[in-house]
Amino acid sequence: LAQAEPVNKTVAGSAPSSLGKEDLLNILAAEFAIQRDQYDQALGFYLDQAKTQHNPYLAERATQLAMHQKQYVDMLEAALIWQKTAPANETAHFFVSLAYGFNMQPNIALENMRKVLQMQGETDFTRLVNLMPKNSSSEDFYIHELLQANQLYPTSYDVSLALALL
């Protein structure tokens with residue numbers, strides 16, 4: 001399938017190989033929708049396919065489209081499917097973390113980003129800090145968690161920068 005901007009060109013997971021005719025037509029329709037800048041339609045097709053096929057490729061595609069469209073509830077749903085179907089993929093955990101952050105669930109977002117750090121994937125704690133609700137209990141929780149992460153991963157510039165933002 002042709003990749004179109006703004007969706008990430010690297011796809012973790014494999015393209016679905018055992019699709020029925022209707023499933024294949026829906027994916028094709030989604031790609032045509034992307035080419036016509038109808039991202040909301042493409043998201044609908046990909047999210048439906050991710051739910052029914054439970055394939056990491058389809059879930060990743062739906063996640064990226066949802067993030068591009070700022071449809072954060074759909075992003076979380078797709079990212080959770082991606083994470084479930086590709087549990088060793090740190091990028092899937094990364095997007096689950098971001099989706100929880102966008103959906104104002106900072107504790108779960110931080111927990112998932114720490115998992116990405118443990119998996120030695122690329123992190124973005126600074127974005128989570130910026131998404132965090134601005135209240136003292138959230139800040140205290142983040143400071144505590146980031147200090148722990150800083151002790152375990154003292155070479156992580158992202159953790160250090162996130163702490164400096166607080």
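Just so it is clear, the model here is predicted, and its values are computed rather than measured.

(A) Highlighting the side chain of serine 97. Its place among the elements puts serine 97 in helix H5 (residues 90-102). In this structure serine 97 comes out as buried when scored by relative accessible area, which is 0%. Sequence-distant contacts of serine 97, that is, excluding residues within four places in its chain, are made with Ala109, Asn112, Met113 and Leu128.

(B) Summary view of a nonpolar patch on the surface. Together, Leu25, Leu28 and Phe32 make up an exposed nonpolar region whose accessible area comes to about 290 Å². Relative to the assigned elements, leucine 28 resides in helix H1 (residues 21-35). Overall, leucine 28 belongs to the partly exposed group, its relative accessible area being 38%.

(C) A look at the environment of threonine 126. By secondary structure assignment, the location of threonine 126 is in helix H7 (residues 125-131). For the pair threonine 126 and alanine 162, spaced 36 residues apart in sequence, the C-alpha separation works out to 4.5 Å. The contacts of threonine 126, once residues within four sequence positions are left out, are Asp158, Leu161, Ala162 and Leu165.

(D) Region of the structure containing the pattern of salt bridges. Taken as a whole and assessed by the stated rule, the structure comprises four salt bridges. Between arginine 114 and glutamate 145 there is a salt bridge; the shortest N-O distance is 2.7 Å. Linking arginine 114 in helix H6 (residues 106-118) with glutamate 145 in helix H8 (residues 136-152), this pair joins segments that are 31 residues apart in sequence. For arginine 114, a relative accessible area of 14% translates into the label buried.

(E) Molecular detail of the packing of helix H3 (residues 56-69) against helix H4 (residues 72-85). At a minimum axis separation of 8 Å, H3 and H4 run at an interaxial angle of 155°. Comparing their axes, H4 and H3 come out roughly antiparallel. Helix-helix and strand crossings are classified by hand; for H3 and H4 the assignment is left-handed. Every residue of H4 that contacts H3 at Pro56, Ala59, Glu60, Ala62, Thr63, Ala66 and Met67 is listed here: Tyr72, Asp74, Met75, Ala78, Ala79, Ile81, Trp82 and Thr85.

(F) Fine view of the packing of H6 against H8. Packing of H6 against H8 brings their axes to within 11 Å, and their N-to-C directions diverge by 5°. Of the possible angle classes, the one that applies to H6 and H8 is roughly parallel. Between H6 and H8, the residues in contact are Pro106, Asn107, Leu110, Arg114 and Leu117 and Phe141, Tyr142, Glu145, Leu146, Gln148, Ala149 and Leu152, respectively. Taken together, the residues of the contact of H6 with H8 sort by class into eight nonpolar, two polar and two charged.

(G) Main features of the environment of leucine 117. Examined against the element boundaries, leucine 117 turns out to sit in helix H6. Separated by 27 residues in the primary sequence, leucine 117 and glutamate 90 place their C-alpha atoms 8.6 Å from one another. Sequence-distant contacts of leucine 117, defined by excluding residues within four places in its chain, comprise Thr123, Phe125, Ala149, Tyr153, Ser156 and Val159.

(H) How the structure looks around the packing of aromatic side chains. Within this structure, the stated rule accounts for four aromatic pairs. Plain terms: the ring middles of tyrosine 72 and phenylalanine 102 are 4.1 Å apart, the flat faces sit at 15° to each other, and that makes the pair stacked. Of this pair, tyrosine 72 sits in helix H4 while phenylalanine 102 sits in helix H5, and the two are 30 residues apart along the sequence. Residue classification places tyrosine 72 among the partly exposed positions, given a relative accessible area of 21%. For the pair phenylalanine 141 and tyrosine 142, a centre-to-centre distance of 6.3 Å together with 65° between the ring planes defines the contact as edge-to-face. Here tyrosine 142 falls in the buried class, since its relative accessible area comes to 2%. Through successive ring pairs, a cluster of aromatic residues spans Trp82, Phe94 and Phe95.

What counts and how
- Residues numbered from 1 in each chain as written.
- Predicted model: local features only at pLDDT ≥ 70, side-chain atom pairs only at ≥ 80, totals over all residues.
- Heavy atoms only, no water.
- Helix = DSSP H or I, 4+ residues; strand = E, 2+ residues; numbered from the N terminus.
- Buried < 20%, exposed > 50% of the residue type's maximum accessible area, 1.4 Å probe, protein only.
- Contact = heavy atoms within 4.5 Å.
- Patch = residues over 30% accessible without salt bridge, like charges linked within 9 Å, V, L, I, M, F, W, Y side chains within 5 Å.
- Areas by Shrake-Rupley, 256 points an atom, 1.4 Å probe, with all protein chains shown as cover.
- Salt bridge = Lys/Arg side-chain N within 4 Å of Asp/Glu carboxyl O.
- Axes fitted to C-alpha atoms, helices over the stretch in contact; angles between N-to-C directions.
- Parallel < 35°, antiparallel > 145°, perpendicular 65-115°, else oblique.
- Left-handed = near helix turned anticlockwise from the far one by under 90°.
- Nonpolar A, V, L, I, M, F, W, Y, C, P; charged D, E, K, R; others polar.
- Phe/Tyr/Trp six-rings, centres within 6.5 Å; stacked < 30°, edge-to-face > 60°.

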